[in-house]
Amino acid sequence: MPFSVARLTAVLAVVPALAFAQDSRPPVAPLLVTSPQQAVEAALTVSPALRGAGAARQAVQADALQARLRPNPELRGSFENFGGFGGRQENRGVRAMESTVGLAQRIELGGKRSARIGLAARSGEVAALDFTGARLEIAREVVTALATAEAARRLVGVERERARLAAETLRAARARVEAGRDPLLQAERAEVVRATADIAAERAQREVEIALADLAVFIGVPRVDLAPRQAWFDDIGPNPGRPVPADPLARLSGSPELARLEAAIAQQRANLTLQRATAVPDVTISGDVRRFGDSNETAFVAGASIPLPFYDLNQGGIARAQAEVTRAEAEADRGRSVLVAILVAAEQRLALAWRSVDTLRRTALPSAEQAARFATLGYGEGRFSFLEVLDAQRALSDTRAQLVEAIQAFHALRAQVQRLRGDLPAVSAQPVNAPNGSAR
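Just so you know, these numbers come straight off a predicted model, no measurement behind them. (Residues numbered from 1 in each chain as written. Predicted model: local features only at pLDDT ≥ 70, side-chain atom pairs only at ≥ 80, totals over all residues. Heavy atoms only, no water.)

1. Brief notes about the pairing of strand β5 (residues 283-292)
For a regular strand, side-chain orientation follows a simple rule: the groups alternate between the two sheet faces. Of the pairings in the sheet, the one linking strand β3 (residues 98-107) to β5 comprises 10 bridges and is antiparallel in character. Bridging across to β5, S99 finds its partner in R291. Strand direction decides the pairing type here: β5 and strand β6 (residues 297-305), joined by nine bridges, are antiparallel. Bridging from a neighbouring strand, G287 pairs with A302 of β6. Between the antiparallel neighbours β5 and β6 lie four residues, among them N296 with a positive phi of about 55 degrees. (Pairing = 2+ DSSP bridges. Helix = DSSP H or I, 4+ residues; strand = E, 2+ residues; numbered from the N terminus.)

Below you can see the structure in the form of structure tokens.
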């Protein structure tokens, strides 16, 4: 199994587990995985990655709330003609003080508020598509990791069967050596084959533990275990045949990535509208009450102010927004081509994987089993040489391993195709009881 970031993360996750083992509390029960749907449901319930994507969407929703708010009014006050010195006596102290208290309100012009609301709505659409994409990506990762774990577990059975056949061959070789029909070298070679098969079986068991740790990381739980029977792994369905509909873009109609390309263009166009609206100056109106201390009279004061747009017309903001629109349109053109190419390649690989599994099941594996059976029986009777027996047994074990790996590849490719098309494995509405009360 190749090195991966997920495997490194799983290894690093063992460190806090070792510290936890020193605690007197009972160990956390592993999540028992019975099907891809149940594993995906658990991941969508407890995955930290999805919680992070949900928080990002909530942040954009908060921006939408803020965009609807109008500018706050201002409370203004001023005090004049008090505390004087020299000159007229009446200007000293507070007897002649003039006090002015009032409100000022900035009125947005040019459609700024509606432009902000529009931009927030478009940003919300992008965030919602990102959240959907995160859900689909988690589902793909979980299904792929689950298929890898189940394949690793089945490869243990393949290697153990290889070791069993090697042990039987060793016994037959020793019997022939004792009978004087074969040299001692044959028994020694059979011993090497058996020892190698035992090592391979042990290595396969270690791969299962690593694969389960990877699966736990993708789901977001401390530990997982596989139910004894995973019937879904053997089910590859009928021949995929030609993809329907024929147009790849039509097959991507449910893809959040494809929809996001258009949503990003709409978002940048909404930003351009806001930048143009920002160039329009706002007017501030005010109303005050003024009190004259020397005569105890009261008067009203009204005013208005507006910036003169001589220099700053938000030229830079508008130019940048126009460039962002152009960039979003170019990325959309490229993104559609990339998505179509990835989908078509994945569908072709999926069809090839299905044919590989079907051929191995119907033709290669039965032939390898029959050849190994005949060679093993015939070796004891002296009809086949030791090398012929080894070749037949090796071919059988390799074919079994190829079948498991082909099924694993099929499930990984099908998960990728579903991810690209925007298909999420069906999950129930009931919450998953995650270990240690981590369901949310």
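2. As for the side chain of D288
Examined against the element boundaries, D288 turns out to sit in strand β5. For D288, a relative accessible area of 8% translates into the label buried. Side-chain polar atoms of D288 contact the backbone nitrogen of G102, separated by 3.5 Å. If we ignore the near neighbours within four places in the chain, the residues touching D288 are R76, T100, V101, G102, L103, A299, F300 and V301. (Buried < 20%, exposed > 50% of the residue type's maximum accessible area, 1.4 Å probe, protein only. Polar contact = N/O pair within 3.5 Å; in protein donor to acceptor, adjacent residues only side chain to side chain. Contact = heavy atoms within 4.5 Å.)

3. Details of the environment of I117
With respect to the element layout, I117 can be found in helix α4 (residues 112-178). Looking at I117, the relative accessible area reads 19%, which means it is buried. In sequence terms I117 and A64 are 53 residues apart; their C-alpha atoms lie 6.4 Å from each other. Those residues in contact with I117 that lie beyond four places of it in its chain are A67 and R68.

4. Brief notes about helix α2 (residues 36-46)
Along α2, 10 of the 11 residues are buried, which leaves the element largely enclosed by surrounding structure. Listing the buried residues of α2 in full gives P36, Q38, A39, V40, E41, A42, A43, L44, T45 and V46.

5. Here's the deal with the sheet that holds β3
Pairing in this open sheet of four strands is antiparallel, and the strands run β2-β3-β5-β6 from one edge to the other. In this open sheet, the two strands that pair with only one neighbour each are β2 (74-80) and β6. Across the sheet, the axes of successive neighbouring strands diverge by a mean angle of 20 degrees, strand direction being ignored. (Axes fitted to C-alpha atoms, helices over the stretch in contact; angles between N-to-C directions.)

6. Concerning the pairing of β3
Relative to β3, β2 is paired through seven bridges, and the arrangement is antiparallel. Its bridge partner lying in β3, S78 is registered against T100.

7. Some points on the pattern of salt bridges
All told, the structure shown has 27 salt bridges when counted by the stated rule. Linking R162 and D398 is a salt bridge whose minimum nitrogen-to-oxygen distance equals 3.4 Å. One end of the pair, R162, is in helix α4; the other, D398, is in helix α9 (residues 386-421), with 236 residues separating them in the sequence. Judged by relative accessible area, D398 falls into the partly exposed class, the value being 30%. (Salt bridge = Lys/Arg side-chain N within 4 Å of Asp/Glu carboxyl O.)

8. Let's talk about the nonpolar core
V33, V142, L215, I219 and V224 are the most contacted members of the largest nonpolar core, which has 71 residues in total. Looking at this core element by element, the count peaks at 16 residues for α4. Filtering out sequence-adjacent residues up to four positions away, V142 remains in contact with A39, V40, A43, L215, F218 and I219. (Core = buried A, V, L, I, M, F, W, Y, C linked by side-chain atoms within 4.5 Å.)

9. What about the environment of V389?
The residue V389 is located in helix α9 in this model. When its relative accessible area of 1% is taken as the criterion, V389 is described as buried. Residues V389 and G378 lie 11 residues apart in sequence; the distance between their C-alpha atoms is 8.6 Å.

10. A few points about a nonpolar patch on the surface
A cluster of nonpolar side chains, I107, L109, V280, I285 and I306, forms an exposed patch at the surface whose accessible area comes to about 350 Å². With respect to the helices and strands, L109 occurs in the loop between β3 and α4. (Patch = residues over 30% accessible without salt bridge, like charges linked within 9 Å, V, L, I, M, F, W, Y side chains within 5 Å. Areas by Shrake-Rupley, 256 points an atom, 1.4 Å probe, with all protein chains shown as cover.)

11. A word on the packing of aromatic side chains
According to the stated counting rule, one finds two aromatic pairs in the structure shown. On the basis of an interplanar angle of 80 degrees and a centroid distance of 5.7 Å, the ring pair of W232 and F233 is categorised as edge-to-face. We note that W232, like F233, is buried. Seen in terms of ring centroids, F310 and Y311 are 6.5 Å apart; in terms of plane orientation they differ by 85 degrees. Their pairing is edge-to-face. (Phe/Tyr/Trp six-rings, centres within 6.5 Å; stacked < 30°, edge-to-face > 60°.)

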